Amino acid sequence: MSTRAHWLQLAGSLAVAAVIVAVAIAVVTSKFGSTSAAEREVQEERLEQREESQEERLERREERLEELRDRD
Amino acid sequence: MEDFVDNLTNGNVTEVKVILASVALALAVYQLVLISVGYGKLRPRFLSPRVASVAHRAVGATIATLLVVTAVMCLSYFEVEDNTAHVVAAIALLTVLALKVAIIRRWHSLGRFLPVLGTLVIVLLAITWLTSAGDFLSDS
């Protein structure tokens, strides 16, 4: 077998290994769903923002109620 | 070490571990094909036994590296007593792998045991994967 054929076969074998690695990573990653830390962080941030805006709304309502009581 | 692993994986320690173990398992299956060609059990026209053996050695070194990295992550981040079957299978896997490497590098006279040890590596890797990554993937 020529040296060129030898290197071509070796490169091909390793290329197949690289494809297997890529496919394995893609398949496993697709099964993670929303369990990744990055997605969890985004969800937690959204939740915090929602809670903050709720608190703000409550504070504003209480202020308005106090103003109304003061007027009466 | 725990903080280092946590920073390195950006908090996704389990996910990275599952990916590394799954890649190792997928490559191990490919190793079976390569060594079958290497030993002449399979005779494809496009791959000579000699080249298949060289590729088998290169892919094997990659798998060994992946397994050592995964084991280090596992030991530094997770509690050992959590999953006994996983711990036993993983220790057996690393021991057999070390023995296989020693035979390839130094104890050439024990070369006749390599097929048995290779098979054992695949079986132990499958058990180790099933008791950790497999559980995690089935839960998610």
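Residues numbered from 1 in each chain as written. Chains lettered and ligands numbered in written order. Predicted model: local features only at pLDDT ≥ 70, side-chain atom pairs only at ≥ 80, totals over all residues.

**Quick word on the overall build of chain B**
Argument step 1. Across its full length, chain B holds 5 helices and 0 strands.
Argument step 2. For chain B, the sequential pattern of α-helices and β-strands runs α-α-α-α-α.
Argument step 3. Here the C-alpha coordinates of chain B stretch approximately 45 × 30 × 25 Å along the principal axes.
Argument step 4. Looking at chain B residue by residue over its 140 residues, the buried ones come to 32%. (Helix = DSSP H or I, 4+ residues; strand = E, 2+ residues; numbered from the N terminus. Buried ≥ 20, exposed ≤ 12 C-beta atoms within 10 Å, placed from the backbone.)

**Section: the packing of helix H1 (residues 3-32) of chain A against helix H2 (residues 13-38) of chain B**
Each packed pair of helices is defined by two parameters, the angle between the axes and the distance between the axes.
Argument step 1. In contact at an axis separation of 9 Å, H1(A) and H2(B) are set at 145° when each is read in the N-to-C sense. Crossing geometry of H1(A) relative to H2(B) is assigned as right-handed. Every residue of H2(B) that contacts H1(A) at Ser13(A), Val16(A), Ala17(A), Ile20(A), Val21(A), Ala24(A), Ile25(A), Val28(A), Thr29(A) and Phe32(A) is listed here: Glu15(B), Val18(B), Ile19(B), Ser22(B), Val23(B), Ala26(B), Leu27(B), Tyr30(B) and Leu34(B).
Argument step 2. Counted by class, the contact of H1(A) with H2(B) contains 15 nonpolar, 3 polar and 1 charged residues. (Axes fitted to C-alpha atoms, helices over the stretch in contact; angles between N-to-C directions. Left-handed = near helix turned anticlockwise from the far one by under 90°. Contact = placed C-beta atoms within 7 Å. Nonpolar A, V, L, I, M, F, W, Y, C, P; charged D, E, K, R; others polar.)

**Quick notes on the domain arrangement of chain A**
Argument step 1. For chain A, the assigned domains are domain 1 (1-35) and domain 2 (47-72).
Argument step 2. Measuring from the centre of the C-alpha atoms in domain 1 of chain A to the corresponding centre in domain 2 of chain A gives 59 Å. (Domains from an automatic or database assignment.)

**Examining the interface of chain B and chain A**
Argument step 1. Facing the 23 residues of chain B at the interface are 20 residues of chain A.
Argument step 2. Taken together, the elements giving at least two residues each to the side of chain B that touches chain A come down to H2 and helix H3 (49-77) of chain B.
Argument step 3. A total of 9 residues in the side of chain B that touches chain A trace back to one element, the largest contributor, which is H2(B).
Argument step 4. For the side of chain B that touches chain A, the per-class residue count stands at 16 nonpolar, 6 polar and 1 charged.

**Observations regarding the environment of Leu117(B)**
Residue and element names in this part refer to chain B.
Argument step 1. Relative to the elements of secondary structure, Leu117 occurs in helix H5 (residues 114-139).
Argument step 2. Judged by the 16 C-beta atoms lying within 10 Å of it, Leu117 falls in the partly exposed class.
Argument step 3. Spatially, the C-alpha atoms of Leu117 and Ala71 are 20 Å apart, while their sequence positions differ by 46 residues.
Argument step 4. Those residues in contact with Leu117 that lie beyond four places of it in its chain are Val96, Leu99 and Lys100.

**Brief notes about the nonpolar core**
Argument step 1. Val23(B), Ala24(B), Leu27(B), Leu93(B) and Leu125(B) are the most contacted members of the largest nonpolar core, which totals 34 residues.
Argument step 2. Counting residues per element, this core draws most heavily on H2(B), which supplies 13 residues. (Core = buried A, V, L, I, M, F, W, Y, C linked by C-beta atoms within 7 Å.)

**Overview of the confidence of the model for chain B**
Detailed reading of the predicted coordinates is not advisable wherever pLDDT falls low.
All names here are of chain B.
Argument step 1. Mean pLDDT over chain B stands at 88; residues scoring 70 or higher make up 96%.
Argument step 2. When mean pLDDT is taken per element in chain B, H2 scores highest with 93 and helix H1 (residues 2-8) scores lowest with 76.
Argument step 3. Per the prediction output, this complex has pTM 0.76; the corresponding ipTM is 0.83. (pLDDT = per-residue confidence, 0-100.)

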